[in-house]
Amino acid sequence: VLDFNLNGEVINDFMYSTIVIGGAEELVKFLPWFLFGYLSGKLKEPFDYVLYASVSALGFAFVENFTYFENYGNITIRAMVTSVAHMFDAVIIAYAFVIARYRLPKDSPYKVLVIIAGFLLAMLAHGFYDFWLISNAVSDFKLITMIFFIISLHIWFFFKNNTMNHSPFFKG
């Protein structure tokens, strides 16, 4: 409808990667997590947020990778790298929920803003990753995607460890 596509222009391609790809994919990963985990009451401790968001992201990545089977040379890197990248992006949103629930006062008016900020950060992280990978405007800089991937992997471990350390079951 809006005729918004990748066109090789830096700003356009970054916005497309962030809003269209990042926004849509993060929403699709968020919905099962929210419906199964959050609304069903399955999230009993901070780590559960990270765990279920990661599982939702891996399910999404599994299905998405089927669309790439026609280019079998691409599937190995996609299966390893993008699956983990999807987990990182999804966990940003889950971690925002952890902050809203466990770190802010119960009556804080900022809870919704933290969750919205988490979703926007996940979109931005997803878009940043995709932009350097798929935009023709910056095709000489695909290495930035791998550097960002390594940094995001460290941040995912921080989220995981931090939520485990704040668990009521943690004995440390």
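You'll find the structure just up there.
Since the structure is predicted, the reported quantities are computational estimates derived from the model, not experimental observations.

Chemist: Just checking my understanding: could you explain the overall build of the protein for this structure?
Modeler: Of regular secondary structure, the protein possesses 5 helices and 0 strands. Element order for the protein, N to C, with α for helix and β for strand: α-α-α-α-α. What you see for the protein is a C-alpha radius of gyration of 17 Å, in line with the 16 Å of a compact globule of 172 residues. Seen along its three principal axes, the alpha-carbon backbone of the protein occupies a region of about 50 × 35 × 25 Å. In the protein, buried positions account for 42% of the 172 residues. For the protein, the share of sequence-separated contacts (at least 6 apart) that also reach a separation of at least 24 residues comes to 66%.

Chemist: Can you help me understand the environment of Phe14 in this one?
Modeler: Structurally, the position occupied by Phe14 is in helix H1 (residues 10-38). Separated by 117 residues in the primary sequence, Phe14 and Phe131 have C-alpha atoms spaced 5.5 Å apart. For Phe14, the residues in contact, after removing those within four places along its chain, are Leu124, Phe128 and Phe131.

Chemist: Teacher, can you tell me more about helix H2 (residues 46-66) here?
Modeler: Since there are 3.6 residues in each turn of an α-helix, residues three or four apart along the chain are aligned in direction. Over its 21 residues, H2 extends 32 Å from the first C-alpha to the last, a length consistent with the 30 Å expected when each residue adds 1.5 Å. Turning to H2, its buried residues number three or more, namely Pro46, Asp48, Tyr49, Val50, Ala53, Ser54, Ser56, Ala57, Phe60, Ala61, Glu64 and Asn65.

Chemist: For this particular structure, what's the right way to read a nonpolar patch on the surface?
Modeler: Taken together, Val10, Ile11, Met15, Ile19 and Val20 make up a surface patch of nonpolar side chains, about 420 Å² in accessible area. Tracing the sequence through the fold places Met15 in helix H1. Judged by its relative accessible area of 35%, Met15 is partly exposed.

Chemist: When you look at a positive patch on the surface in this model, what are you seeing that I'm missing?
Modeler: A cluster of basic residues, Lys42, Lys44, Arg101 and Lys106, forms a positive patch on the protein surface. Of note, Lys42 is situated in the loop between H1 and H2.

Chemist: How do you make sense of empty space enclosed by the protein when you look at a structure like this?
Modeler: Remark: the empty space left among the atoms is shown by a probe the size of a water molecule rolled over them. Applying the stated rule across the entire model yields 1 cavity of 30 Å³ or more. Taken as a whole, the largest cavity encloses approximately 30 Å³ of empty space. Forming the walls of the largest cavity are Ala85, Phe88, Asp89, Ala125, Tyr129, Phe148, Phe149 and Ser152. Those elements that place two or more of their residues in the lining of the largest cavity are helix H3 (72-103), helix H4 (111-134) and helix H5 (143-165). When grouped by side-chain class, the residues that make up the lining of the largest cavity number 6 nonpolar, 1 polar and 1 charged.

Chemist: Please explain the nonpolar core as it appears in this structure.
Modeler: Inside soluble globular proteins, nonpolar side chains tend to come together where they are buried. Grouped together as the largest cluster of nonpolar side chains are 26 residues, with contacts concentrated most on Trp33, Tyr49 and Phe88. Contributing elements (two or more residues each) for this core: H1, H2, H3, H4 and H5. Top contributing element to this core by residue count: H3, with 12 residues.

Chemist: Looking at this structure, how should I read the pattern of salt bridges?
Modeler: In a structure, side chains of opposite charge can pair up when their charged atoms sit close to one another. Scanning the entire structure with this criterion turns up 1 salt bridge. Across the pair Glu26 and Lys29 runs a salt bridge, and its minimum N-O distance is 2.7 Å. You can see Glu26 and its partner Lys29 sitting in helix H1, 3 residues apart, about one turn around the helix. By relative accessible area, which is 0% here, Glu26 ends up buried.

Chemist: How should the layout of surface pockets be read in this particular structure?
Modeler: By volume, the largest pocket is sized at about 330 Å³. What lines the largest pocket is a set of 20 residues, among which Arg78, Thr82, Tyr129, Asp130 and Leu133 lie closest to the centre. If you list the elements that add at least two residues to the lining of the largest pocket, you get H1, H3, H4 and H5. Of all the elements, H3 adds the most residues to the lining of the largest pocket, at 8 residues. Of the residues in the lining of the largest pocket, the class split is 9 nonpolar, 5 polar and 6 charged.

Procedures and definitions
- By convention here, each chain's residues receive numbers from 1 onward along its written sequence.
- Local features in this predicted model are restricted to residues whose pLDDT is 70 or higher, and side-chain atom pairs enter the listing and the counts only when it is 80 or higher, whereas totals over whole chains, interfaces and linings include all residues.
- Excluded from the side-chain calculation are hydrogens and water; included are all heavy atoms of the structure.
- In this text, helices come from DSSP runs of H or I with a minimum length of four residues, and strands from runs of E with a minimum of two, each type numbered from the N-terminal end.
- Computation of the radius of gyration draws on C-alpha atoms, with the globule rule given as 2.2 Å multiplied by the number of residues to the power 0.38.
- The buried label applies to any residue whose accessible area, calculated with a 1.4 Å probe on protein chains only, is under 20% of its type's maximum; exposed applies above 50%, and partly exposed to all values in between.
- By definition in these notes, contact holds between two residues if any of their heavy atoms fall within 4.5 Å.
- Expected helix span is taken as 1.5 Å per residue step, with the number of steps being one fewer than the number of residues.
- Residues enter patches when they are more than 30% accessible in relative terms and free of salt bridges; like-charged ones are connected within 9 Å and nonpolar ones (Val, Leu, Ile, Met, Phe, Trp, Tyr) within 5 Å.
- We get accessible surface area from the Shrake-Rupley algorithm with a probe of 1.4 Å; when it comes to residues, only the shown protein chains can shield them.
- Criterion for a salt bridge: a side-chain nitrogen of Lys or Arg within 4 Å of a carboxyl oxygen of Asp or Glu.
- We treat Lys and Arg as the positive residues and Asp and Glu as the negative residues; His and chain ends play no part in the count.
- Think of each charge as sitting on NZ of Lys, CZ of Arg, CG of Asp or CD of Glu.
- Here the term cavity refers to a set of points on a 1 Å grid, laid over the protein atoms alone, in which a 1.4 Å probe fits but cannot get out; the term pocket refers to an open set having protein on both sides within 12 Å along at least five of seven lines, with lining residues being those that place an atom within 4 Å of a point.
- Grid points are joined across faces, edges and corners, and a volume is the space filled by probe spheres set on the points.
- Residue type decides the class: Asp, Glu, Lys and Arg count as charged, Ala, Val, Leu, Ile, Met, Phe, Trp, Tyr, Cys and Pro as nonpolar, and the leftover types, Gly among them, as polar.
- The criterion is simple. A nonpolar core is a set of buried Ala, Val, Leu, Ile, Met, Phe, Trp, Tyr and Cys residues joined through side-chain atoms within 4.5 Å.

Function cannot be read off these values alone, since they describe shape.
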